[in-house]
2 protein chains.
Amino acid sequence: MEKQEITIYDVAREAKVSMATVSRVVNGNKNVRDDTRQKVLAVIDRLNYQPNAVARGLASKRTTMIGLVVPELNNLYFSELSKGIDDIATMYKYNIIITSVDTSVNREEDVISALLSKQVDGVIYMTNELSTIARDAFTRTRTPVVLAGTVDAESKLPTVNIDYQASITEAVELLANNGRKKLALVVGKEDADINRSYRMKAFAEATTKLGLTDSADLIFPNNFGYEDGYDLYEKIKANNVDGMIVTRDVTAAGLMNAALDAGVDVPADLEIISANNTIISKIVRPSMTAIKQPLYDIGAVSMRMLTKLINNEELDEEHVTLPYSISKRNSTK
Amino acid sequence: MEKQEITIYDVAREAKVSMATVSRVVNGNKNVRDDTRQKVLAVIDRLNYQPNAVARGLASKRTTMIGLVVPELNNLYFSELSKGIDDIATMYKYNIIITSVDTSVNREEDVISALLSKQVDGVIYMTNELSTIARDAFTRTRTPVVLAGTVDAESKLPTVNIDYQASITEAVELLANNGRKKLALVVGKEDADINRSYRMKAFAEATTKLGLTDSADLIFPNNFGYEDGYDLYEKIKANNVDGMIVTRDVTAAGLMNAALDAGVDVPADLEIISANNTIISKIVRPSMTAIKQPLYDIGAVSMRMLTKLINNEELDEEHVTLPYSISKRNSTK
DNA sequence: ATGAAAGCGCTAACAA
DNA sequence: TTGTTAGCGCTTTCAT
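Residues numbered from 1 in each chain as written. Chains lettered and ligands numbered in written order. Predicted model: local features only at pLDDT ≥ 70, side-chain atom pairs only at ≥ 80, totals over all residues. Heavy atoms only, no water.

**So, the pairing of strand β8 (residues 243-246) of chain B**
Residues and elements named next belong to chain B.
Step number 1: Of the two faces of β8, the one holding Gly-243 and Ile-245 and the one holding Met-244 and Val-246 are both buried throughout.
Step number 2: Direction of pairing for strand β6 (residues 183-186) relative to β8: parallel, over a ladder of four bridges. Note that in β8 the partner of Val-186 across the bridge is Val-246.
Step number 3: Here β8 runs beside strand β9 (residues 271-274); their pairing, made up of four bridges, is parallel. If you follow Val-246 over to β9, its bridge partner there is Ser-274.
Step number 4: Read from β8 through helix α11 (residues 249-261) to β9, the crossover connection turns out right-handed. (Buried < 20%, exposed > 50% of the residue type's maximum accessible area, 1.4 Å probe, protein only. Helix = DSSP H or I, 4+ residues; strand = E, 2+ residues; numbered from the N terminus. Pairing = 2+ DSSP bridges. Right-handed = clockwise from strand over helix to strand, strands pointing away.)

Given below as structure tokens:
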């Protein structure tokens, strides 16, 4: 099963130089006479030589690979984040090993240690509030880690986020200003919803502060997909809710469609705000008001931070908070 | 920057055995006495030893990593495929290096050679009709390659697909049976739309065969996102189209919303079929009739095939064609 | 069943 | 500027 035919040794022989010189040429080292460089380059080209990144990784202790941990693959929220990471990673010539922790097949612990054993140069973790397992693993390793869209009060890891609490507070205020009296917060599963507890806390506080005391407890957890949202509407209706904030866009779409199917007028009788502004918010009718997170930027900034950490450069800020906004569309007045 | 503290050598010393024995234990080799195994395992546990996958890869020529090439990251179509791949890969303990070729930043050639230089054990390619560059690279390498959702008439690479031509033909017939007279096909960019030319061919043939000769040329290319679809509606209207097939779901949603905003009755005046049945087809109102591809299965089967190729096992079929269906919803009669 | 030793293909001192 | 020579941490014959 030899995959590697041509090695640095072959090139050296053919070009009548040492391996070291070939290595220098390949790595762009300046200390090579120009005609030597040309000669080596010609041989490399002729033999179609490709350096073996594994051998290189072993010798140099740098793999030019970074690990990316996401909760789900088929979710536009993480896709958008990933795209930001990918673009910057490409710019810096890093490859991305992506691992999801959404299947019961893989335990988070195994996933992380597999990543670390592969000697990735860094890890970007964007799987919700940091689990104990992950926190322990990241504390133990010397591999740099950045948390993207993931708050963790207990660890010192660098983070890139928006102000989740403020965004929920603002959404609550928006609904209250529109005269809504009975609000609800619909969130996802504990292990698959970014910063769920921060949002829940903000919701309870903001509603209480605004005197909507019977809203403070109206938090519906464990809603995942479109169907979950659709089915949940029964309960929303039973509670006479007239305004809600839904963390996941597909769930929000399910709730809205259920309401529409039940003959409810959105936004006249029920206002909805999604906490994730993916394309879905724009596509649905009525289009949905949503908290617009700079997902791409969160990814890009995280990756940029990681490159600095990898190169032992100083970080301007350990914890970056990016601005969010609320895109007002037609599911609110 | 030492990342690896504990090596196999440390374990060997502490357990008073040779490296070879530790290696055997780690790799589950049978030729180890049971008490030796226990002893080694205890030390491994105590020292928290993690084998260095890079060193292992260099020595064994297997990296337990596979490469995945996709055109875009933030597209539910590929997300769903990726999920199928990921689940099977996890099962077989492979990690996935994912690379997109959607940015102008990265040339396909570089992306592929970066992947191969990383000594991945195999590659799954799902970027549309195989480019010349990719075909050449894959012909040259010994690394196994599987094409997922990608037809290529010229190469001998294993593939997993649905019958794209038949699916379009069936969609055309559905619209024709509903009495539609002027059909259109809306496709994406050449390099970002799976098997575009097969679909175009099938569309032209099917419409001609059904006597809808002025539909045969009504193919609108280069439509990418939601806005593209929305803006394209002008032309659709100008051509008096009364039924259309749109390869990308977001584009279909854009077209439909534009039609609705223009006061058109969907499906009474205009019927729409999406060629990608992602969650978006279900969410939009009216919900959209869509060609339902077994995306998850295409991914899973591809990955399973790849594991066989990696292990030099016989393939049952070189070219797998999975069944599709048309999910009838409310954008057709 | 266990150990010794030779690589895997490359980088990085250190010499020259 | 170039070459020599140790490794990097592991797997894998080949002995024993």
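From this point, the narrative continues.
**Things to note about the interface of chain B and chain A**
Step number 1: Counting residues at the interface gives 65 residues for chain B, matched by 65 residues for chain A.
Step number 2: For the pairing of chain B and chain A, the buried interface totals around 5800 Å² over both sides, and the portion due to carbon and sulfur atoms is 57%.
Step number 3: Counting every contact that joins chain B to chain A gives six salt bridges.
Step number 4: Of the charged contacts, one joins B:Arg285 and A:Asp261 as a salt bridge, the two residues approaching to 2.7 Å between their closest N and O atoms.
Step number 5: Taken together, the connections running from chain B to chain A amount to 21 residue pairs in polar contact (both at pLDDT 80 or more).
Step number 6: Going through the elements one at a time, α4 (53-60), α5 (76-91), β2 (95-100), α6 (108-117), α10 (226-238), α11 and α12 (279-283) of chain B are the ones with two or more residues in the side of chain B that touches chain A.
Step number 7: A total of eight residues in the side of chain B that touches chain A trace back to one element, the largest contributor, which is α5(B).
Step number 8: With three bridges connecting them, strand β2 (residues 95-100) of chain A and β2(B) associate as antiparallel partners. When the sheet's bridge partners are listed, A:Ile97 is paired in β2(B) with B:Ile97. (Contact = heavy atoms within 4.5 Å. Buried area = accessible area lost by both parts, 1.4 Å probe. Salt bridge = Lys/Arg side-chain N within 4 Å of Asp/Glu carboxyl O. Polar contact = N/O pair within 3.5 Å; in protein donor to acceptor, adjacent residues only side chain to side chain.)

**Describing the protein's contact with DNA strand C**
Step number 1: As a structural note, the neighbourhood of DNA strand C is formed by 27 residues, with A:Ile8, A:Tyr49, B:Arg24, B:Arg33 and B:Thr36 the closest of them.
Step number 2: Among the atoms of DNA strand C close to the protein, meaning within 4 Å, 61% are from sugar or phosphate groups.
Step number 3: The separation between a phosphate oxygen of DNA strand C and a polar side-chain atom of A:Asn27 is 3.2 Å.
Step number 4: Here a phosphate oxygen of DNA strand C and a side-chain polar atom of A:Tyr49 are 2.6 Å apart.
Step number 5: Among the elements of the structure, α2 (19-26) and α4 (53-60) of chain A together with α2 (19-26) and α4 of chain B are those that each provide at least two residues to the surface near DNA strand C.
Step number 6: Classifying every residue of the surface near DNA strand C by side-chain character gives 12 nonpolar, nine polar and six charged. (Near = heavy atom within 4 Å. Nonpolar A, V, L, I, M, F, W, Y, C, P; charged D, E, K, R; others polar.)

**Points about the protein's contact with DNA strand D**
Step number 1: Around DNA strand D, the structure places 25 residues, and the nearest of them are A:Arg24, A:Arg33, A:Thr36, B:Ile8 and B:Tyr49.
Step number 2: Counting only the atoms of DNA strand D within 4 Å of the protein, the fraction contributed by sugar and phosphate is 59%.
Step number 3: Going through the elements one at a time, α2 and α4 of chain A together with α2 and α4 of chain B are the ones with two or more residues in the surface near DNA strand D.
Step number 4: The element best represented in the surface near DNA strand D is α4(B), accounting for four residues.

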